[in-house]
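# Remarks on the overall topology
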2 protein chains.
Amino acid sequence: MSDDSSARIVADLHEWIASAPPGARLPSTRSLVARYAASPVTVQKAVRALGARGLVESRPGVGTFVRAVPTARPNDYGWQTSALGAPRFRDARRSTALRTAPNDVIALHSGYPDRELLPERLVRAAFSRAARGDAAVRRPPTAGLPELQAWFAAELGAFGAARPSAGDVVVFPGSQSALSTAFRALVGPDRPLLVESPTYWGALLAAAQVGVRVVPVPSGPQGPDPDEVARAFASTGARAFYAQPNFANPTGARWSPDLADRVLDVVRRHGAFLVEDDWAHDFGITADPVPIAARDDGGHVVHLRSLTKSVSPAVRVAGVVARGPARERILADVEAVSMYVSGVLQAVALDVVTQPAWRRYRRDLRHQLAARRDLLVAAVHEHVPTASLTAVPQGGLNLWLRLPDGTDLARLVRDCDAAGVVIASGDEWFPAEPTAPHLRLNFTGPDPGAFPDGARVIGRALADQARP
Amino acid sequence: MSDDSSARIVADLHEWIASAPPGARLPSTRSLVARYAASPVTVQKAVRALGARGLVESRPGVGTFVRAVPTARPNDYGWQTSALGAPRFRDARRSTALRTAPNDVIALHSGYPDRELLPERLVRAAFSRAARGDAAVRRPPTAGLPELQAWFAAELGAFGAARPSAGDVVVFPGSQSALSTAFRALVGPDRPLLVESPTYWGALLAAAQVGVRVVPVPSGPQGPDPDEVARAFASTGARAFYAQPNFANPTGARWSPDLADRVLDVVRRHGAFLVEDDWAHDFGITADPVPIAARDDGGHVVHLRSLTKSVSPAVRVAGVVARGPARERILADVEAVSMYVSGVLQAVALDVVTQPAWRRYRRDLRHQLAARRDLLVAAVHEHVPTASLTAVPQGGLNLWLRLPDGTDLARLVRDCDAAGVVIASGDEWFPAEPTAPHLRLNFTGPDPGAFPDGARVIGRALADQARP
């Protein structure tokens, strides 16, 4: 009898389903019980039978639904573009520097040092220790782990001048967040921000997303011309200048002490901020970076130091040193955007950089960077004779190569890619029109032994373009 | 002779220093050599002598400077406020929920479960494993570790409906970043966003920082009235609604299946997004949360799930499931704001939630939450008779207490604080004027044995206010 009832319900519902749209919900068990004057057990048995035939599916706690036939109705999210409106920033430049390359190519594009250049042993030991420590289960303050704040302050204080205190430091989950916050908190949408041209693509991306109006100031292997900086401040009314005074990415420029003084003077005269991105602090080769912030006791320099590239990509930790209201604005933004940085990452960063072996690691790294840089420089000189290397950088991770006028960069990148060599078009580093064709070649990728082969491929692809 | 020269230089420079402003830079060694016709060694000896007297200080690579007397010139960063302009959001509400309380108080204010409620053993083991794994030295893709994306997708897919794929997931360094990105990418500055009132203070903070225009929709222990939601959409032209349909913070509301359908219907009719903050997914007590996203196959629900509170505050990992252009906008924002999330945190999160012990942990947690909730409910009933508990929540971490009209909340918080009980004023959860005095009491703080004492203090402080 119950079997009969159940079969009757199945047949009836089968008909109902045939005319129902996919995704329609079956009446509840209770209402089916009422409709068919059957017991809940009978109804549920019928529904299970329909499920077994693939006609309906049950979602626990939600209900039972006519099964959607995946091919019947393709997704149409067109309504979303109307709801979203035109994007505020279209810049969505998925940078080449973030691209993950397969193992069998020669990778000269990356923004990150290869694994063999990392203090891997120190990092692993630090994570092991952190796994046993308090940081694994605690929430640190928004501004950062006090001991790590103190370390960032001491690092900058070692250069003398107005020694920052631990309280002047705000810890970020990586320098990208720090740039985003600095541009938002110190500049804001639709207001002007001076930047070197060319400059770091990640900073340009952060600026675009915040909606600041980027004002390019030409910069080369010697850094920017202070008079140009002054003109740009005067003509735009900007109150901030983003720069990389040491081993700039991509040019490798290191500002002379005199240039640093002159730019800082201009910044002071215009009552402005210098957002100093000290990204390559740990990557000196034949020179040691001296932060501009060490020359400032008026709160004009907002100093950004990252540990992600020198410690490990897994240790996303950066510190910003700022004073006065600027620091308050930055902290308020951090609370709204990220609330706090994982205490484990902060503990690991501090652990690594306070080990005696950290100094040894940095000494070794310097030798390795020098050897890799020189190898790539020699390879470029030999195999890419039409390119010119405006300067051999004294630090950093990259060579900045000027190519012959008229080079078709997109074609060059494509041709090299096809020949198994990944390179990054210099165009990605220009805030406006690129002023000339460039390549940025990273000398810290995997397998430096392949640099000559890589350079040969680039040279050949360039030569192909020169041919009529 | 060199000693004499040195003494002469010291005396001369001493005079110069006396009239120089602190921070002034001494002429370079080279120019002093020229001026005094002395050898560099002699000049350097003189400078060292001045340093020993505390008159100057050398900064390696920068120069030598007249020592600043810290008390002589207080810092004046006044110029900064002119450069910064008025803050775009003044909201800087340092929330009570983030406050770190000393050990000797009764803490009923926190937004985070106490350490003893965390799967501490699992977390530590996972960090140990991650310390040995690849994640410690690799950079994961911007959208997240593919295995973790797949897990987030599967968690939502388990409820049936349009099953998300791993590619629909974007991993964030915590839910605060996810909220910030969702509001920026889906709404944007000066555009309206519906929110429940009251609702999570962190979401209000993120909204204020993005500059979206918050539109409060009244909500209580039963959730919002769909007609109010519809009216708010219609009158403001909003295209997004931020809500916590399961165990809302602070009210504890859990939307009925019928309400969920009706609200989703309204959202669909207005071509809008529902940003579903499933913050308490792991904190069911007498009910299990069913995400609204499981009812949606049109890309209307953007689903946010965080692991920070249930795994560990050190594992700042959240996942957002979104489809179509919305997902693209979100991903573009993530690249600009944070680039990627530490692979170690992602590996640890995945490790913890895929252990067999994770299920056991959640079962235990449910019992503990139930016991703690009931203990605090009983304490409130007994010792705070003038307060009313509109509903005992079926999940989450908080009780939402309605206090008598006319209660001076600020005074109540202060009085309790003085008596060693930290509570959070309900006002922090209101996007506009609070409609009545409330307290949010968290039942997952340390030492539940002290709940009756805590309630007694609150009751007494309330009684004091009632006295004429």
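Residues numbered from 1 in each chain as written. Chains lettered and ligands numbered in written order. Predicted model: local features only at pLDDT ≥ 70, side-chain atom pairs only at ≥ 80, totals over all residues. Heavy atoms only, no water.

## Quick word on the overall build of chain A
Per the secondary structure count, chain A includes 15 helices and 16 strands. Compactness check: chain A gives a C-alpha radius of gyration of 29 Å against a globular reference of 23 Å for 468 residues, more than 25% above the reference. A total of 468 residues make up chain A; the buried ones form 60% of that total. Across chain A, contacts joining residues at least 24 apart in sequence account for 74% of those joining residues at least 6 apart. The average position of the 53 basic charges and that of the 47 acidic charges among the side chains of chain A differ by 6 Å. (Helix = DSSP H or I, 4+ residues; strand = E, 2+ residues; numbered from the N terminus. Rg over C-alpha atoms; globule rule 2.2 N^0.38 Å. Buried < 20%, exposed > 50% of the residue type's maximum accessible area, 1.4 Å probe, protein only. Contact = heavy atoms within 4.5 Å. Lys, Arg positive; Asp, Glu negative; His and termini not counted. Charge placed at Lys NZ, Arg CZ, Asp CG, Glu CD.)

## A few points about the relation of the copies chain A and chain B
With an RMSD of 0.2 Å, the fit of chain A onto chain B corresponds to turning through 180° and sliding 0.0 Å along the axis. Overall, the copies show the geometry of a two-fold rotation axis. Within chain A, the C-alpha atom positioned nearest to the axis of rotation is that of Ser128(A), 2.6 Å from it. (Least-squares fit on C-alpha atoms with pLDDT ≥ 70 in both.)

## Describing the packing of aromatic side chains
Residue and element names in this part refer to chain B. Per the counting criterion, the structure on display carries 18 aromatic pairs over all chains. Centroid distance Trp151 to Phe152: 5.2 Å. Interplanar angle 65°. Geometry classified as edge-to-face. Trp151 sits in the buried class, given a relative accessible area of 11%. When the centroid spacing of 6.3 Å and the interplanar angle of 55° are considered together, the rings of Trp279 and Phe283 count as tilted. Positioned over the ring face of Tyr112 is Lys309, at 4.9 Å from the centre of the ring. (Phe/Tyr/Trp six-rings, centres within 6.5 Å; stacked < 30°, edge-to-face > 60°. Lys NZ or Arg CZ within 6 Å of the ring centre and 35° of its normal.)

## Description of the interface of chain A and chain B
Taken together, the contact between chain A and chain B spans 101 residues of the former and 102 residues of the latter. For the pair chain A and chain B, the summed buried area comes to about 8,200 Å², and 53% of that belongs to carbon and sulfur atoms. A per-residue breakdown of the area chain A buries against chain B is headed by Leu84(A), Val137(A) and Arg139(A), which together make up 9% of the total. For Glu57(B), the salt bridge identified is with Arg163(A), shortest N-O distance 3.5 Å. At the junction of chain A and chain B, the tally comes to 43 residue pairs in polar contact (both at pLDDT 80 or more). Elements supplying a minimum of two residues to the side of chain A that touches chain B: strand E1 (56–59), helix H4 (78–84), helix H5 (120–132), helix H7 (175–186), helix H8 (201–210), helix H11 (325–337) and helix H12 (343–353) of chain A. Ranked by residue count, the leading element in the side of chain A that touches chain B is H11(A), at nine residues. Here the residues of the side of chain A that touches chain B sort into 48 nonpolar, 26 polar and 27 charged. (Buried area = accessible area lost by both parts, 1.4 Å probe. Salt bridge = Lys/Arg side-chain N within 4 Å of Asp/Glu carboxyl O. Polar contact = N/O pair within 3.5 Å; in protein donor to acceptor, adjacent residues only side chain to side chain. Nonpolar A, V, L, I, M, F, W, Y, C, P; charged D, E, K, R; others polar.)

## A few points about unusual backbone geometry
Of note, the bond from Asn249(A) into Pro250(A) is cis; its omega dihedral lies within 30 degrees of zero at 15°. Structurally, Pro250(A) can be placed in the loop between strand E8 (240–243) and helix H10 (257–269). The step from Ser197(B) to Pro198(B) runs through a cis peptide bond, and the omega angle for that step is 5°. Looking at the secondary structure, you find Pro198(B) in the loop between strand E5 (192–197) and helix H8 (201–210). Positive phi outside glycine occurs at Met339(A), with the angle close to 70°. Inspection of the secondary structure puts Met339(A) in the loop between H11 and H12. The exposure class assigned to Met339(A) is buried, which follows from its relative accessible area of 2%. Positive phi, close to 70°, is recorded for Asp190(B), a residue that is not glycine.

## Remarks on the domain arrangement of chain A
The assigned domain composition of chain A is domain 1 (3–66), domain 2 (96–112 + 359–466) and domain 3 (120–354). A separation of 65 Å is found between the C-alpha centroids of domain 1 of chain A and domain 2 of chain A. (Domains from an automatic or database assignment.)

## Observations regarding the pattern of salt bridges
Under the counting rule described, the total for this entry stands at 48 salt bridges over all chains. Measuring nitrogen to oxygen at the nearest pair gives 2.7 Å for the salt bridge that ties Glu155(A) to Arg305(A). Pair noted here: Glu155(A) is in helix H6 (residues 146–157) and Arg305(A) is in strand E10 (residues 301–306), with a separation of 150 residues, a long-range link. Take Arg305(A): its relative accessible area is 3%, and that puts it in the buried class. Within this structure, Arg115(A), Glu120(A), Arg124(A), Asp134(B) and Arg138(B) form a network of salt bridges that share partners.

## Comments concerning the sheet that holds strand E10 (residues 301–306) of chain B
Residue and element names in this part refer to chain B. If you trace the eight strands from one edge of the open sheet to the other, you get E4-E11-E10-E9-E8-E5-E6-E7, paired in mixed fashion. Strand pairing shows two members of the sheet lacking a second neighbour, strand E4 (169–172) and strand E7 (223–224), which therefore form its edges. The sheet contact formed by E4 and strand E11 (residues 318–321) spans four bridges and is antiparallel. Following the sheet pairing, Val171 is matched in E11 by Gly319. (Pairing = 2+ DSSP bridges.)

## Here we look at the environment of Arg402(A)
All names here are of chain A. The residue Arg402 is located in strand E13 (residues 398–402) in this model. Separated by 13 residues in the primary sequence, Arg402 and Leu389 have C-alpha atoms spaced 6.2 Å apart. Setting aside residues up to four positions removed in sequence, Arg402 forms contacts with Thr386, Ala387, Ser388, Ala436, Pro437 and His438. Reaching out from Arg402, the side chain makes a polar contact with the side chain of Asp405 at a distance of 3.1 Å.

## Some thoughts on the side chain of Glu276(B)
Residues and elements named next belong to chain B. Mapped onto the fold, Glu276 is located in strand E9 (residues 273–277). Among buried Asp, Glu, Lys and Arg side chains, Glu276 stands out as unpaired, with Arg295 the closest opposite charge at 7.8 Å. Of note is the side chain of Glu276, whose polar atom sits 2.8 Å from the side chain of His303. Apart from residues no more than four positions distant in its own chain, Glu276 is found in contact with Ala243, Pro245, Asn246, Pro291, Ile292, Ala293, Val301, Val302, His303 and Leu304.

## Points about the sheet that holds strand E15 (residues 424–425) of chain A
All names here are of chain A. With antiparallel pairing, the four strands of this open sheet are ordered in space as E12-E13-E16-E15. Taken across any chain shown, the strands that pair with only one partner, and hence form the sheet edges, are strand E12 (388–389) and E15. Of the pairings in the sheet, the one linking E15 to strand E16 (residues 438–442) comprises two bridges and is antiparallel in character. Bridging from a neighbouring strand, Ala424 pairs with Arg440 of E16.

## Structural notes on helix H3 (residues 40–52) of chain B
All names here are of chain B. Its 13 residues give H3 an end-to-end C-alpha distance of 18 Å, which sits within 8% of 18 Å, the value for a rise of 1.5 Å per residue. All of the buried residues along H3 are Thr42, Val43, Ala46, Val47 and Leu50. Across the axial projection of H3, the buried residues extend over an arc of 135°, all falling on one side. Those residues of H3 that are exposed and angled more than 90 degrees off the buried face are Val41, Arg48 and Ala52. Gly54 sits one or two residues past H3 and shows a positive phi near 75°. (Expected span 1.5 Å × (residues − 1). Arc of directions from axis to C-beta.)

## Regarding the nonpolar core
Counting 186 residues, the largest nonpolar core has Phe127(A), Leu441(A), Phe127(B) and Leu441(B) as the members making the most contacts within it. Setting aside residues up to four positions removed in sequence, Phe127(A) forms contacts with Ala314(A), Val315(A), Val344(A), Leu345(A), Val348(A), Ala131(B), Ala136(B) and Val344(B). (Core = buried A, V, L, I, M, F, W, Y, C linked by side-chain atoms within 4.5 Å.)

## With respect to a positive patch on the surface
All names here are of chain A. A cluster of like positive charges, contributed by Arg121, Arg359, Arg360 and Arg363, occupies part of the molecular surface. A total of three residues in the positive patch trace back to one element, the largest contributor, which is helix H13 (residues 356–383). Judged by relative accessible area, which is 65%, Arg359 ranks as exposed. (Patch = residues over 30% accessible without salt bridge, like charges linked within 9 Å, V, L, I, M, F, W, Y side chains within 5 Å. Areas by Shrake-Rupley, 256 points an atom, 1.4 Å probe, with all protein chains shown as cover.)

## A look at the pairing of E1(A)
All names here are of chain A. Alignment of E1 against strand E2 (residues 63–66), held across four bridges, turns out to be antiparallel. Paired with Val56 across the strands is Val66, a residue of E2. Counting the residues between successive antiparallel strands, the hairpin from E1 to E2 contains three residues, one of them, Gly61, with a positive phi of roughly 80°.

## Things to note about the environment of Leu412(A)
All names here are of chain A. As for its placement among the helices and strands, Leu412 is situated in helix H14 (residues 409–418). Take Leu412: its relative accessible area is 0%, and that puts it in the buried class. In sequence terms Leu412 and Thr199 are 213 residues apart; their C-alpha atoms lie 21 Å from each other. With near-sequence residues (within four places) excluded, Leu412 lies in contact with Leu403, Thr407, Ile423, Leu439, Ile458, Ala461, Leu462 and Gln465.

## Section: the packing of H13(A) against helix H15 (residues 451–466) of chain A
How two helices sit against one another is set out by the angle between their axes and by the gap between those axes. Residue and element names in this part refer to chain A. Relative to each other, H13 and H15 sit at 35°, their axes nearing to 8 Å. Considering only the axes of H13 and H15, their crossing is right-handed. Facing H13, whose interface residues are Arg372, Leu375, Leu376, Ala379, Val380 and His383, H15 presents Phe451, Pro452, Ala455, Arg456 and Gly459. (Axes fitted to C-alpha atoms, helices over the stretch in contact; angles between N-to-C directions. Left-handed = near helix turned anticlockwise from the far one by under 90°.)

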